[in-house]
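Here's the letter readout for the chains.
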Amino acid sequence: MTLDRRSLIGIGALAAASPALARQSSTLAPSDPNETIRLWPDGAPGGEGVTVTPVVPERSTDPSFHDRYAQYTTDPILTVVRPERPNGTALLLIPGGGYRWAVVDKEGLDVARVFAASGVTCFVLRYRLPADGWAAGPNAPLQDAQRALRLIRHRAADFGIDPRCIASLGASAGGHLGGLLAARRDETYSPVDDADTSSFRPDLNILLYPVVTMSAPYAHAGSRLHLLGSSPSDDAISRWSLDQMNLAGVAPTFLIHAMDDASVPLENSLMLLAALRAASVTTEAHLFQEGGHGFGVRLIAGKPAEVWPELALAFGRRNGWVTG
């Protein structure tokens, strides 16, 4: 299986890679997938004190692409992006947003369409946020991520995927959440149905410019604030820093970061890389000269980092995620 380099330069090029997209006007953003899965059939746990109202604002003024974010989510969902020719692999996408919101398109649907064009069945997670009054506090997003991975694995036959070939892809603060999903072994909620007998651990991890440390001077201040509050204890800072966790047994992990990232310092990935190597985790890291932060796929056309999906798929092939 190969990925055409042209499919890596953004939504316009994806139209050439997919007949369904090619039929759309080149001046209009791709339509949204119409298949979603509610994570919690009887409502998300611990919501008795939640009073927020969900919103999904649109930031783009260009009709050729969307740039939305989901804030105050109360009913977490997976949006399914099915490939035309599935290869049996799955990818849970966890977009970023500083734990203040979760972006919908840039690190979610846009990236999912690239991987779906290569045969991967994709699931974009819209998760709850830690400061919205959930009883679980900072564990609320992780509850959603664990539940999402379990649902995908439990329903693998419905989607024609191998339950042993489910990766996660987290970006920015979503990379921190993806790291928690990979590293944490504790169940963060009480089981609600048979899906919760499945494992929530991914078979491969892809982390884009991830938030890793909660310690100064390299912490992303916004992510730390919205996850842990304005005055976290030293113990909380340590417990929520990925590089301080027990990473033994974590699945193969692929790291991407741009060296000119002015929001989440490159040192975050370097610290995690060192910790993964110390734990003997199979790891590959790519540090690009330019790309900034939050580039997803659309914002790096013509830049060195535009090849990252191809590199991630190659890593997956070498490590048992992509087998076709």
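Residues numbered from 1 in each chain as written. Predicted model: local features only at pLDDT ≥ 70, side-chain atom pairs only at ≥ 80, totals over all residues. Heavy atoms only, no water.

Engineer: Sorry, what's going on with the overall build of the protein chain here?
Structural biologist: The secondary structure content of the protein chain amounts to ten helices and ten strands. Against the 2.2 N^0.38 benchmark of 20 Å for 324 residues, the protein chain shows a C-alpha radius of gyration of 18 Å, consistent with a compact globule. For the protein chain, the C-alpha atoms occupy an extent of roughly 50 × 45 × 40 Å along the three principal directions. In the protein chain, buried positions account for 57% of the 324 residues. Sequence-distant contacts, at least 24 apart, represent 78% of the contacts inside the protein chain between residues at least 6 apart. Carbon and sulfur atoms form 49% of the exposed surface of the protein chain, whose accessible area is close to 12800 Å². One way to put it: in the protein chain the 28 positive side-chain charges average out to a point 3 Å from where the 33 negative ones average out. (Helix = DSSP H or I, 4+ residues; strand = E, 2+ residues; numbered from the N terminus. Rg over C-alpha atoms; globule rule 2.2 N^0.38 Å. Buried < 20%, exposed > 50% of the residue type's maximum accessible area, 1.4 Å probe, protein only. Contact = heavy atoms within 4.5 Å. Areas by Shrake-Rupley, 256 points an atom, 1.4 Å probe, with all protein chains shown as cover. Lys, Arg positive; Asp, Glu negative; His and termini not counted. Charge placed at Lys NZ, Arg CZ, Asp CG, Glu CD.)

Engineer: In this structure, what is going on with the packing of aromatic side chains? I would like to understand it.
Structural biologist: Between two aromatic rings, the relevant description is the distance of the centres plus the angle of the planes. Under the defined criterion, the tally for this structure stands at six aromatic pairs. The ring of Trp134 has Arg128 lying over it, and the distance from NZ or CZ to the ring centre is 4.5 Å. (Phe/Tyr/Trp six-rings, centres within 6.5 Å; stacked < 30°, edge-to-face > 60°. Lys NZ or Arg CZ within 6 Å of the ring centre and 35° of its normal.)

Engineer: Even after reading the chapter, I still don't get the environment of Val297, so can you show me in this structure?
Structural biologist: Here Val297 lies in the loop between strand 10 (283-288) and helix 10 (308-318). Of the residues examined, Val297 reaches a relative accessible area of 1% and is grouped as buried. Along the backbone, Val297 and Tyr69 are 228 residues apart, and their C-alpha atoms lie at a distance of 16 Å.

Engineer: Help me understand the pairing of strand 4 (residues 90-94) in this model?
Structural biologist: Every regular strand shows the same layout, with side chains that alternate between the two sheet faces. Counting buried residues along strand 4, five of its five residues qualify, which places the element largely inside the surrounding structure. In strand 4, alternate side chains face the same way, and those of Ala90, Leu92 and Ile94 on one face and Leu91 and Leu93 on the other are all buried. Here strand 4 pairs with strand 6 (residues 121-126) via four bridges, running parallel. Looking at the pairing, Leu93 lines up with Val124 of strand 6. Bridge analysis of strand 4 against strand 7 (residues 166-171) gives five bridges, and the strand direction is parallel. Bridge pairing in strand 7 links Leu92 to Ser168. (Pairing = 2+ DSSP bridges.)

Engineer: Is there a simple way to think about the side chain of His176 in this case?
Structural biologist: Within the secondary structure, His176 is located in helix 6 (residues 173-183). Once residues within four sequence positions are removed from consideration, His176 is found in contact with Tyr99, Val211, Val212, Met214, Leu227, Trp240 and Leu242.

Engineer: I would appreciate a short explanation of unusual backbone geometry in the present structure.
Structural biologist: Residues apart from glycine generally show negative phi values, whereas peptide bonds are mostly found in trans. Geometrically, the link from Ala216 to Pro217 is a cis peptide bond, its omega value of 5° lying close to zero. Residue placement: Pro217 occurs in the loop between strand 8 (204-208) and helix 7 (221-228). A positive phi angle, close to 60°, is found at Tyr72, a residue other than glycine. Tracing the backbone shows Tyr72 in the loop between strand 2 (69-70) and strand 3 (77-81). Residue Tyr72 is classed as partly exposed on the basis of its relative accessible area, which comes to 31%. Even without a glycine there, the phi angle at Ser172 is positive, about 60°.

Engineer: Can you walk me through the environment of Leu247 in this structure?
Structural biologist: Tracing the sequence through the fold places Leu247 in the loop between helix 8 (234-239) and strand 9 (253-258). With 33 residues separating them in the primary sequence, Leu247 and Ser280 have C-alpha atoms 8.6 Å apart. Residues contacting Leu247, with those up to four places away along its chain left out, are Ala183, Leu242, Leu272, Ala275, Leu276, Ala279 and Val281.

Engineer: Is there a simple way to think about the packing of helix 4 (residues 140-154) against helix 6 in this case?
Structural biologist: Two quantities define a packed helix pair, namely the angle between the axes and the distance from one axis to the other. With their axes 10 Å apart at the nearest point, helix 4 and helix 6 run at an angle of 60° to one another. Between helix 4 and helix 6 the crossing geometry is right-handed. Counting all contacts with helix 4, which are made through Pro141, Leu142, Ala145 and Gln146, the residues of helix 6 involved are Leu177, Leu180 and Leu181. A class-by-class count of the residues in the contact of helix 4 with helix 6 yields six nonpolar, one polar and no charged. (Axes fitted to C-alpha atoms, helices over the stretch in contact; angles between N-to-C directions. Left-handed = near helix turned anticlockwise from the far one by under 90°. Nonpolar A, V, L, I, M, F, W, Y, C, P; charged D, E, K, R; others polar.)

Engineer: I keep staring at a nonpolar patch on the surface and nothing clicks. Help me out?
Structural biologist: Taken together, the side chains of Met259, Leu270 and Leu287 present a nonpolar region at the surface, about 260 Å² in accessible area. For Met259, the location among the structural elements is in the loop between strand 9 and helix 9 (267-278). (Patch = residues over 30% accessible without salt bridge, like charges linked within 9 Å, V, L, I, M, F, W, Y side chains within 5 Å. Salt bridge = Lys/Arg side-chain N within 4 Å of Asp/Glu carboxyl O.)

Engineer: What is the right way to look at empty space enclosed by the protein in this model?
Structural biologist: Think of a ball as big as a water molecule: rolled over the atoms, this probe shows where empty space is left. Enumeration according to the criterion identifies three cavities of 30 Å³ or more in this entry. Considered as a void within the structure, the largest cavity measures approximately 80 Å³ in volume. Taken together, Gly178, Gly179, Ala182, Ala183, Asn205, Leu207, Leu242, Leu247, Val250, Thr253, Leu272 and Leu276 make up the full set of residues lining the largest cavity. Elements supplying a minimum of two residues to the lining of the largest cavity: helix 6, strand 8 and helix 9. Ranked by residues supplied to the lining of the largest cavity, first place goes to helix 6 with four residues. Residues of the lining of the largest cavity, tallied by class, amount to eight nonpolar, four polar and no charged. (1 Å grid on protein atoms, 1.4 Å probe; cavity = no way out; pocket = protein on both sides within 12 Å on 5 of 7 lines; lining within 4 Å. Points joined across faces, edges and corners; volume = space filled by probe spheres on them.)

Engineer: Please clarify how the nonpolar core should be interpreted in this entry.
Structural biologist: The nonpolar side chains of soluble globular proteins are, as a tendency, buried together. Core analysis: the largest hydrophobic core is formed by 56 residues, its most contacted members being Leu78, Leu92, Phe123 and Leu125. Residue contributions to this core peak at seven residues, all from helix 4. If we ignore the near neighbours within four places in the chain, the residues touching Leu92 are Leu78, Phe123, Leu125, Ala145, Ala148, Leu149, Ile152, Ala167, Ser168, Leu169 and Leu181. Counting 37 residues, the second-largest nonpolar core is a separate cluster that includes Leu91, Leu109, Val111 and Leu204. (Core = buried A, V, L, I, M, F, W, Y, C linked by side-chain atoms within 4.5 Å.)

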